[in-house]
Amino acid sequence: MDESMGSWLPVGNTKGLSLAVKNLVEGKRYKFLVRAVNEDGDSPELETEDFMLAKDAFDKPSEPGKVKVNNWGPNWAELSWKPSEDDGGAEIDRYKVEMRNVDRRAWNEVASTRDCTITVENCGIEMDNEYIFRVTAVNKGGESPTSESSSPITAMERFVKQRLNKELLGKTKEINFGQMLKFEADVVAEPPVKFTWTFADGEPILHDGDRVIIDNSTKNKSVFMFKNIERKHTGCVKLNVKNSVSEDEHEIRLTVLAPPTKPSGKISVTNVKPNGCTLAWEKPTDEGGSPLTGYVIEKKDVEKDYWSVCGRMSGKMVTVMKQVEFEVNDLMENFCYVFRVMACNAIGDSEPLLGLTPIVAKYALDPPAQPYNINIVDYDSKWVKLDWSIAPGPKADRFIVEKLETFMIPKDEEEEQPKQQKGEGEEGEEEERPKFVMPVPREPGMKRDQEYVEYSTGWIVAGITDDDFPEIKITEVQEGYRYQFRVKASNKAGVSYPSEPTDEIIAKKRKQKPTIDRCGIPNEMHIQRGDHITLKVKVQGEPITDKSWFWGRREIKPSGSVIVENTDYTSKLHIMCLERVDTGTFYFRAENVHGFAEIAVDVIVMVPPSKPKGPMRIDDICAGGCKAIWSKPEDDGGSPITHYVVEKVHGTGENFAPCGRVNAPDTECVIKGLTENKEYRLQVIAVNAMGESEPLVSIDGFVTENPFQAPGAPGKPEMFDWDIDHFDMKWDPPRNDGGSRINGYELEARLWRDMTWFRAGEVKMQFERGVVEGIDLGSSYAVRVRARNEAGFGPWSLESDQLTCKFKNLPPKVTVEGEREYTVHEHETFTIFADIQGEPMPEDIKWSINGNELSDNPKNGVIIDNSKDYRSKLQLDSMTRKDCGTLTCEVSNLNGKAKVTANLHVIGKPSVPQDRLVVSNVTSSGCKLTWGASKDDGGLPVEYLVDRYEVQSDTWMSQGTTRNTYFLANDLENGKEYGFKVCAVNDVGESEFLQAAKNIVAKNQYTESLPPSAPEVVDGNERQMTIRWKPPIDDGGMPITGYHVEAKSVGGSWQPWEILDIPETTALMTKLQKGFEYQFRVIAVNKAGKSEPSHPSRPRLAKENDLLPFIELKGVRDITASVKERIKFDVPICGEPVPDVAWFKGETPVEELEDRNISVTNTETHTKIVFSSLKKDHEGTYSLTISNRSGSDSAKFTVKVLDRPAAPDPPMKATVEGSNCTLLWKKVKEDGGAPIEHYQIEKKDSEKGTWCACGHTKDNNYTIKGLFSGRSYQFRVCAVNEIGDSDFVTSDSVSIGEGADARGL
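The structure displayed is predicted, hence computed values, not measured ones.

K.L.:
Honestly, the overall build of the protein chain in this entry has me stumped. Any pointers?
P.N.:
If you tally the helices and strands in the protein chain, you get 2 helices and 106 strands. The C-alpha atoms of the protein chain give a radius of gyration of 70 Å, which is well past the 34 Å a tight globule of 1305 residues would have. Buried residues in the protein chain amount to 40% of all 1305 residues. For the protein chain, contacts bridging at least 24 residues in sequence account for 65% of all contacts bridging at least 6. Taken as a whole, the protein chain presents about 76,600 Å² of accessible surface, with 46% of it coming from carbon and sulfur. Taking the average location of the 165 positive side-chain charges in the protein chain and that of its 209 negative ones, the two points are 2 Å from each other.

K.L.:
Which parts of the structure should I look at to understand the sheet that holds strand 71 (residues 871-876)?
P.N.:
Backbone-to-backbone hydrogen bonds join strands into a sheet, with any given pair of strands oriented parallel or antiparallel. The strand order across the open sheet formed by 4 strands is 65-67-71-70, and the pairing between neighbours is antiparallel. The open sheet has two free edges, formed respectively by strand 65 (810-816) and strand 70 (862-865), since each of these has just one partner strand. The sheet shows a mean angle of 15° between the axes of neighbouring strands, direction not considered. By the bridge criterion, 4 bridges tie strand 70 to strand 71 in an arrangement that is antiparallel. Bridge pairing in strand 71 places Ile864 opposite Leu874.

K.L.:
What exactly am I supposed to notice about the environment of Asp619 here?
P.N.:
Mapped onto the fold, Asp619 is located in strand 48 (residues 613-619). Counting along the chain gives 392 residues from Asp619 to Pro1011, while the straight-line C-alpha distance between them is 133 Å. Discounting residues that sit within four places of it in the chain, Asp619 has contacts with Cys626, Lys627 and Ile629. Here Arg617 takes part through its side chain, which lies 3.1 Å from a polar atom of the side chain of Asp619.

K.L.:
Could you clarify how one ought to interpret the pairing of strand 28 (residues 336-345) in this entry?
P.N.:
Counting buried positions along strand 28 gives 9 out of 10 residues, so the element sits mostly inside the fold. Of the strand pairs in this sheet, strand 25 (residues 292-301) and strand 28 are connected by 9 bridges, and their pairing is antiparallel. By the bridge assignment for strand 28, Val296 is matched with Met342. Where strand 28 meets strand 30 (residues 359-360), 2 bridges bridge the pair, whose relative direction is antiparallel. Paired with Tyr337 across the bridge in strand 30 is Ile359. When strand 28 meets strand 29 (residues 353-354), the two strands line up antiparallel, connected through 2 bridges. Its bridge partner lying in strand 29, Arg340 is registered against Leu354.

K.L.:
Any chance you could explain a negative patch on the surface here in plain terms?
P.N.:
Together, Glu26, Asp56, Asp59, Glu85, Asp86 and Asp87 line one region of the surface with negative charge. A relative accessible area of 63% places Glu26 in the exposed class.

K.L.:
I keep staring at the packing of aromatic side chains and nothing clicks. Help me out?
P.N.:
Aromatic ring pairs: the centre-centre distance and the angle between the two ring planes describe each pair. The tally for this structure, following the rule as stated, stands at 32 aromatic pairs. Aromatic pair Phe758 and Tyr781: ring centres 6.4 Å apart, planes at 80°, arrangement edge-to-face. Residue Phe758 is found in strand 60 (residues 758-763), and its partner Tyr781 is found in strand 62 (residues 780-789); the two are separated by 23 residues along the sequence. Given the relative accessible area of 27%, Phe758 is considered partly exposed. For Tyr781, a relative accessible area of 2% gives the class buried. The structure contains a cluster of three or more aromatic residues connected by ring pairs, namely Phe183, Trp197, Phe199, Phe224 and Phe226. Over the face of the ring belonging to Phe993 we find Lys981, whose NZ or CZ atom lies 4.3 Å from the ring centre.

K.L.:
Would you mind showing me how to read the environment of Leu169 here?
P.N.:
Mapped onto the fold, Leu169 is located in helix 1 (residues 166-169). Spatially, the C-alpha atom of Leu169 lies 8.6 Å from that of His250, the residues being 81 residues apart in sequence. Not counting the four nearest positions on each side in its chain, Leu169 is found in contact with Leu164, Phe183, Glu184, Ala185, Trp197, Leu239, His250 and Ile252.

K.L.:
Is there a simple way to think about the nonpolar core in this case?
P.N.:
General note: in soluble globular proteins, nonpolar side chains tend to be found buried as a group. By size, the foremost hydrophobic cluster in this structure holds 25 residues, and its most contacted members are Phe830, Trp847 and Leu874. The set of elements that each furnish at least two residues to this core consists of strand 65, strand 66 (821-825), strand 67 (830-839), strand 68 (844-849), strand 70, strand 71, strand 72 (885-893) and strand 73 (896-907). Among the elements that line this core, the one with the most residues is strand 73, at 5 residues. Among residues more than four places away in sequence, those in contact with Phe830 are Tyr822, Val824, Leu874, Gln875, Leu876, Met879, Leu887 and Leu904. Grouped together as the second largest cluster of nonpolar side chains are 24 residues, Ile175, Val187, Phe195 and Ile252 included.

K.L.:
Before we go on, may I ask you to explain the sheet that holds strand 68 in this structure?
P.N.:
Sheet architecture is open: 5 strands sit in the order 66-73-72-68-69, paired in mixed fashion. Edge positions in the open sheet fall to strand 66 and strand 69 (852-854), since each of these has one partner strand only. Pairwise comparison of adjacent strand axes, ignoring direction, gives a mean angle of 30° for this sheet. Bridge count for strand 68 against strand 72 is 6 bridges, and the pairing is antiparallel. From the neighbouring strand, Ser848 faces strand 72, where its bridge partner is Thr888.

K.L.:
Even after reading the chapter, I still don't get the state of the cysteines, so can you show me in this structure?
P.N.:
Any covalent bond linking the sulfur atoms of two cysteines counts as a disulfide. Counted under the stated rule, the structure contains 0 disulfides. Cys659 takes part in no disulfide bond, and the closest cysteine sulfur, belonging to Cys669, lies 6.7 Å away. Residue classification places Cys669 among the buried residues on the basis of a relative accessible area of 4%.

K.L.:
Explain the pattern of salt bridges to me, please; I cannot follow it from the model alone.
P.N.:
Scanning all chains against the criterion turns up 57 salt bridges. The shortest N-O distance in the salt bridge between Arg1276 and Glu1242 comes to 2.7 Å. Separated by 34 residues along the polypeptide, Arg1276 in strand 104 (residues 1272-1280) and Glu1242 in strand 101 (residues 1238-1245) bring together distant segments of the chain. Of the two residues, Arg1276 and Glu1242, neither departs from the other in class, the shared state being buried. Sharing partners across several salt bridges, the network here consists of Glu746, Arg759, Glu762, Arg786 and Arg788.

K.L.:
Quick question: what am I supposed to make of unusual backbone geometry here?
P.N.:
Only a minority of non-glycine residues have a phi that is not negative, and only a minority of peptide bonds are not trans. Pro665 follows Ala664 through a cis peptide bond whose omega is 10°. Position of Pro665 among the secondary structure elements: in the loop between strand 51 (657-663) and strand 52 (668-671). In the Ramachandran plot, Asp620 falls in the positive-phi region, its phi being about 50° despite a non-glycine side chain. Its identity as a non-glycine residue notwithstanding, Ser878 has a phi of 50°, on the positive side. Summarising the element assignment, Ser878 is placed in the loop between strand 71 and strand 72.

K.L.:
Before we go on, may I ask you to explain the confidence of the model for the protein chain in this structure?
P.N.:
Keep in mind that low pLDDT regions are not for reading the predicted coordinates in detail. Confidence in the prediction for the protein chain averages 86 pLDDT; 96% of positions are at 70 or higher. The low-confidence segment residues 414-447, where pLDDT is below 50, has 21 contacts with residues more than four positions distant or belonging to other chains. This stretch, residues 1299-1305, has a pLDDT under 50; its non-local contacts, to residues over four places away or in other chains, come to 20 contacts.

K.L.:
For this particular structure, what's the right way to read a nonpolar patch on the surface?
P.N.:
Side chains of Met317, Val320 and Met321 sit close together on the surface and give an oily, nonpolar patch of about 290 Å² of accessible area. When you line up the elements, Met321 lands in the loop between helix 2 (316-320) and strand 27 (323-328). Relative accessible area serves as the criterion here: at 33%, Met321 is assigned to the partly exposed category.

K.L.:
Can you help me understand the side chain of Ser872 in this one?
P.N.:
Relative to the elements of secondary structure, Ser872 occurs in strand 71. One polar contact links Ser872 to Trp847, side chain to side chain, over a distance of 3.0 Å. The residues touching Ser872, leaving out its near neighbours within four places in the chain, are Ile832, Phe833, Ala834, Ile836, Ile845, Trp847, Ile864, Asp865 and Asn866.

The rules we used
Residues numbered from 1 in each chain as written. Predicted model: local features only at pLDDT ≥ 70, side-chain atom pairs only at ≥ 80, totals over all residues. Heavy atoms only, no water. Helix = DSSP H or I, 4+ residues; strand = E, 2+ residues; numbered from the N terminus. Rg over C-alpha atoms; globule rule 2.2 N^0.38 Å. Buried < 20%, exposed > 50% of the residue type's maximum accessible area, 1.4 Å probe, protein only. Contact = heavy atoms within 4.5 Å. Areas by Shrake-Rupley, 256 points an atom, 1.4 Å probe, with all protein chains shown as cover. Lys, Arg positive; Asp, Glu negative; His and termini not counted. Charge placed at Lys NZ, Arg CZ, Asp CG, Glu CD. Pairing = 2+ DSSP bridges. Axes fitted to C-alpha atoms, helices over the stretch in contact; angles between N-to-C directions. Polar contact = N/O pair within 3.5 Å; in protein donor to acceptor, adjacent residues only side chain to side chain. Patch = residues over 30% accessible without salt bridge, like charges linked within 9 Å, V, L, I, M, F, W, Y side chains within 5 Å. Salt bridge = Lys/Arg side-chain N within 4 Å of Asp/Glu carboxyl O. Phe/Tyr/Trp six-rings, centres within 6.5 Å; stacked < 30°, edge-to-face > 60°. Lys NZ or Arg CZ within 6 Å of the ring centre and 35° of its normal. Core = buried A, V, L, I, M, F, W, Y, C linked by side-chain atoms within 4.5 Å. Disulfide = S-S within 2.5 Å. pLDDT = per-residue confidence, 0-100.

Spelled out as structure tokens, the structure:
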């Protein structure tokens, strides 16, 4: 029977006196009974006396003690533990030792022992992994509960000489003041080292949790943070790392950049003036670690409350000077100022150095009074000497002399007013102009009269005395300028008002012999009759000169037609309407006591000349003309005779007509074109620039007739010389000269195929030689000639033979047809022609290629044809590539040599590629082919054609083309066999193929590596993160050369983010965006290519890593709630690293309250405390504190719990008066957090035995009336608030006496 069921169940039959009962449930209690059975029935039952427990005869052992790892290494651990306190009634057979990698869930049995110590080794412990151990005791009863796991250990070398990562710390550190100094130290060492940080003074830097934070929580890592670093911390920061194995030290040179200290010493103020002063100070003792950039100087009016900048200083010299000076120039006179100076560097401005003493902007003494009685002692053209009187009062150090300079400057010429246009419809009459106008001669350099205006410079400084002596000599004056002077006195306080100015003087020489400036007046003047003449001169001389004008020896006096104007330094003579008789020499004379000066001008009045002087003589009369002879006029009219005009008239007529003209000074003229056998008279007129003279008429007439005949025809002309522009001809004279001497020949020519003659030359004497001109080079002509005597020209001669105009002596020149570049295909025929010039015709013609002369040899394919004049032909048959080069044609004659060159290109197929075809760098998908370049490219750019042979299909196919001597084949199939060949190709054709020596099989020598481990984000902030990963287990047979890191924001796609060209397993990921969650994965790269991407890292939020903890109290309030209600405080928090959270009630941590109704939940952004069922004990003030290495923050919350009141304190007194009973009790001490509303009273009489309400009150006493006599009562009272009723306090039983007046309740 199972004790829990209470009913009997059959378990089996047996014929013996024992039975093994099976299928019992361990741990349950059972009873058993047995009956004997025969054919007649069952015997009475025999039952066990008591229940028995179903269990083994002995128990499992108790739990062994916690495993302690006494020692360990990279692959072993020494363990010990306390044995089980209870062996369960059976001897412990063994202890089973299990091990688990903390990153995995599975426990693995690694050893078994009967002892309580064991050393496990070669059991799967791997370096740098964490492990825990546990033990289970085993006896015949089974296995005990497993022991408590050991503390984790990391498999490693326990004793490793430390290696401090000094590159991570660096040797120098530069930081601005006020920033946080941070160093991260990383050491490889076992056992863990102790870190000691010290400044330059040698005192250790201790963690204070506020300004100094030293985080050594991570093994062999130390993070040192020093907030608000100051300039005084500049120096060496030392880190000492020490363990039991060794000790190391590293020194970092720390430079804290800060504004410089304030300038040294005091501000000295000197040279005070009404508008400025000089400040001086010394440079700062400390430049703040950054070079000084300058100084800022500020001033303050003592009557005002603000400072203003009055100057800045910068520059290299300013920053290196120990003593610094500055000129202040913007002060207001008589104002009181103080000054301060700040030094500046790139970090900022120093504290100001304040001037101790205010200054007043004024001179130390007053300016002097103005001088008086200014006197010009003497002067000349280059200097003026002055003196003056000194006014009483403040003494002057020196005197300043000013001058007012007045002189004449040229006046701008006014534009001539344009002539008024005539109105439409008005007809303008042309003014009659003289037939000839003589121009007025103007001497070189002569200028028009210039007008001048007066100009004054204003008062300018003329000189300054060296001392206080009241006189000076001014040397900077210009002769002829007018001057006034005034004087100012000066001392350190300033300058006085100017004195009264002197009288005006002119800077000039006081004693000077007269001089005359005749600029603009020539030595000789030609004037037309009736014109006016004006002579103006400038005169210099002191004293003022006497001025006179003369014509010859006669003095010119003013009259109606003569005007004489004299000033002190000028004189002008104006004569109107000059006549020829006024021609002569004009004189001007200037005279004073020091001498005289004189100039002369020859004036010539121009008129037409007088008539030529006769008589006129007529000579050499013939049928067509004559010769007239006369003498020049006695008066040329003041202008040179330019020419003479000869006129003729028939017989006794009067209408003379021009028939000849000769230029002066010739006085004879040959008259031609007269009519034979006519009577003529002649007259001659002289002409000058002013007009024509009266004519001189011949006395007698004459008749035109010849005394002889024209000559006969000359001989046939012949050429005896020539050149490119003429023929030199000769001929025989005529056999008959016609009775008059031959006096010339005329030559005519015509083009050989044209019948039009043109005049080609003339011979003006009896000379049978002539030159034919007007011919063109290369043309052919015929020439004829005729003779001339006094009777005229005779008949033409016979025509000459054909004459060609050509060079007589011409250096050779050769040109070839077409361009200078010739391209010929191999085995073709090449022909070229050369055009040759030169006189005499060049006969030595040579052809050559690359300096090798060619000879005419048709059998060898060379044909040179020079049969045509001035032309040569070269023909080359069956051209070869060797014929490439420079083709030259050279010719020569008596006058020199010439040659022409052309580049001859012979193109053809390229030669086969050189060397051998090498196949290398074979992979599963490609290979590299290399070969030597073709020796001959055929004269054209070459490409190489690569063909591929697939052994499996027994076919050749094109692989590709290239201009290089290598080719990368990248489309092979893995495992297939290939052959290759290459040939050179140009525009002409292909070379023969060069084939690889053997076939190759496309296969890899190595493969891509396996992916790296999933990266882990080990550090980061809002802009960057540092990730770390483990290299691939298998590198694919080639070393890892680098890694590609990809990143994505959560929900985004993967993007390349960083490429590492070295096999480092850490990377800094930058350019992150704050507030985004990022994942990273890594791709390993070796020579075979990229691996598959690793598993992604866990998402990490880009946020600050050094952020002060902060509790967001917005929306969080104190809570008042009733008991058994559920309340919570859900508080947002932030901080980096994630702050540690601690809740306290008063000073006691919440965890130590061990209250199951209180639970605390923490996340990175929130902390939540939940009260699942409020109790009165939960009431109080709760504080929240969060902290990390950057600082801490705290907040307080109040929980008020509303509960039913506490029971009134006993005893409760009852006083009976008749049928009334008065109750009295104490007021409750604890109202439960809510005001007491009233007290509830209940009674119980002896008959009913039940409690019933009998009243309520707000006070602590109550009288119950109308009780029944003879009964006994009990009363109780409870306090009532809005939450509920308190427990009752009960009075003792009271009896109501007999006879009491009662009516019942």
